[in-house]
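Residues per chain, in single letters:
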Amino acid sequence: MKMYEKAPAKINLMLDVLHKRADGFHEVEMIMTMVDLADRLELSELKRDSIIISSQAGYIPLDEKNLAFQAARLIKDRYNVRSGVHIHLDKRIPVAAGLAGGSSDAAATLRGLNRLWRLGIPAQELQELGAELGSDVPFCVTGGTALATGRGERLTPIASPPQCWVVLAKPPINVSTAEVYGRVRANNIAVHPSALRMQQAIEAGDFAAVCAGLGNVLEDVTLKLHPEVQQLKEAMIKLGADGVLMSGSGPTVFGLVSKQSKVARIYNGLRGFCKEVYAVRSLS
């Protein structure tokens, strides 16, 4: 028996860090949405009690370091499942990119195994399982668009942003999320993006206001560590994207584009010096 799951990438329309918590995590406020760039998972039941991960990508771990593996082991242990599973990951989302590719794979694994093994786990419980794996996993379980608070695991679903094109560009570097957050000093953040302003813009269907409300306090850290991210942002703005921001801890930069006629120019312009460029639609 096989199940198939799609694992879309997410972008942060705004990301604010409020303070460092006693547990070592940061209290954040984020609005996240998903885009039509996705990994695809094929989950096949095994009679023997084992977890096997395979992929066409040669650059990801296929053992317990993989979040999909961890998700499968968690759900097996928690619900006393004796069957095994073979998970094939067709990777399309760049890794270590600020797009939650690994988190989305883990979320898709939880959803897929819930169906494959007929466990009947409700969505809220799947999100709670996801929170044990990573801060972005609960959002990826249900997708859509949401306000995320706490360390990212407390979710309030909100309306979808206005439909648009999203051009994503990842420079040939990897960024450590732990290092970026480790360098954040919440008390020194001069300008905080507004979740309320972004939510109001989304609910009003005001694309220009969504673009104006984009903000990510992690940019100050990542851009200092990796000046090429700043260069990518500047290039995307010059090429005509309506709103430009780094997603998550980076290094991927995304541009929101309302007119399809602009998309090819931006895409081709970025491809001149950046290999990993994608032009996709936002997901409603």
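The following paragraphs examine the structure supplied in this document. Just so you know, these numbers come straight off a predicted model, no measurement behind them.

Counted according to the given criterion, the structure contains zero aromatic pairs. One residue, R151, lies across the ring of F25, its end atom 4.9 Å from the ring centre. Above the ring of W165, the side-chain terminus of R281 is found at 4.9 Å from the ring centroid.

Residue position: D136 is located in the loop between helix 3 (123-131) and helix 4 (137-142). As a buried residue without a salt bridge, D136 has its nearest oppositely charged side chain in K10, at a separation of 4.2 Å.

With that settled, consider helix 9 (residues 227-238). Taking 1.5 Å as the rise per residue, helix 9 with 12 residues should run 16 Å; its terminal C-alpha atoms sit 17 Å apart, in good agreement. All of the buried residues along helix 9 are V229, L232, K233, A235 and M236. Angular distribution of buried residues about the axis of helix 9 spans 165°; they occupy a single face of the element. Considering only its buried residues, helix 9 is in contact with strand 7 (165-170), helix 8 (219-225), strand 9 (243-246), strand 10 (253-257) and helix 10 (260-271). Directly beyond the C-terminal end of helix 9, a positive phi value near 110° is found at G240.

Here is what the cut-offs are and how they apply
Residues take numbers from 1 onward in each chain, read along the sequence in its written order. For a predicted model such as this one, the threshold for reporting local features is a pLDDT of at least 70, and the threshold for listing and counting side-chain atom pairs is 80 or more; totals across whole chains, interfaces and linings nevertheless cover every residue. As a convention, hydrogens and water are excluded, and side-chain values are obtained from all of the structure's heavy atoms. Ring pairs shown here join Phe, Tyr and Trp side chains whose ring centres sit within 6.5 Å, with only the six-membered ring taken for Trp; geometry is labelled stacked below 30 degrees between planes, edge-to-face above 60, and tilted in between. Working rule: Lys NZ or Arg CZ, within 6 Å of ring centre, within 35 degrees of ring normal, means a charge sits over the ring. Helix and strand definitions here come from DSSP, where helices need a minimum of 4 consecutive H or I residues and strands a minimum of 2 consecutive E residues; each element is numbered from the N-terminal end. Throughout this description, buried means an accessible area under 20% of the type-specific maximum (1.4 Å probe, protein chains only), exposed means over 50%, and partly exposed covers the range between. Under the convention used here, Asp and Glu are negative, Lys and Arg are positive, and both His and the chain ends fall outside the count. We define a salt bridge as a side-chain nitrogen of Lys or Arg found within 4 Å of a carboxyl oxygen belonging to Asp or Glu. Here, expected helix span is obtained from the residue count minus one, scaled by 1.5 Å. The arc refers to the directions leading from the helix axis to the C-beta atoms. Note on contacts: a residue pair is in contact if any heavy atoms of the two residues lie within 4.5 Å.

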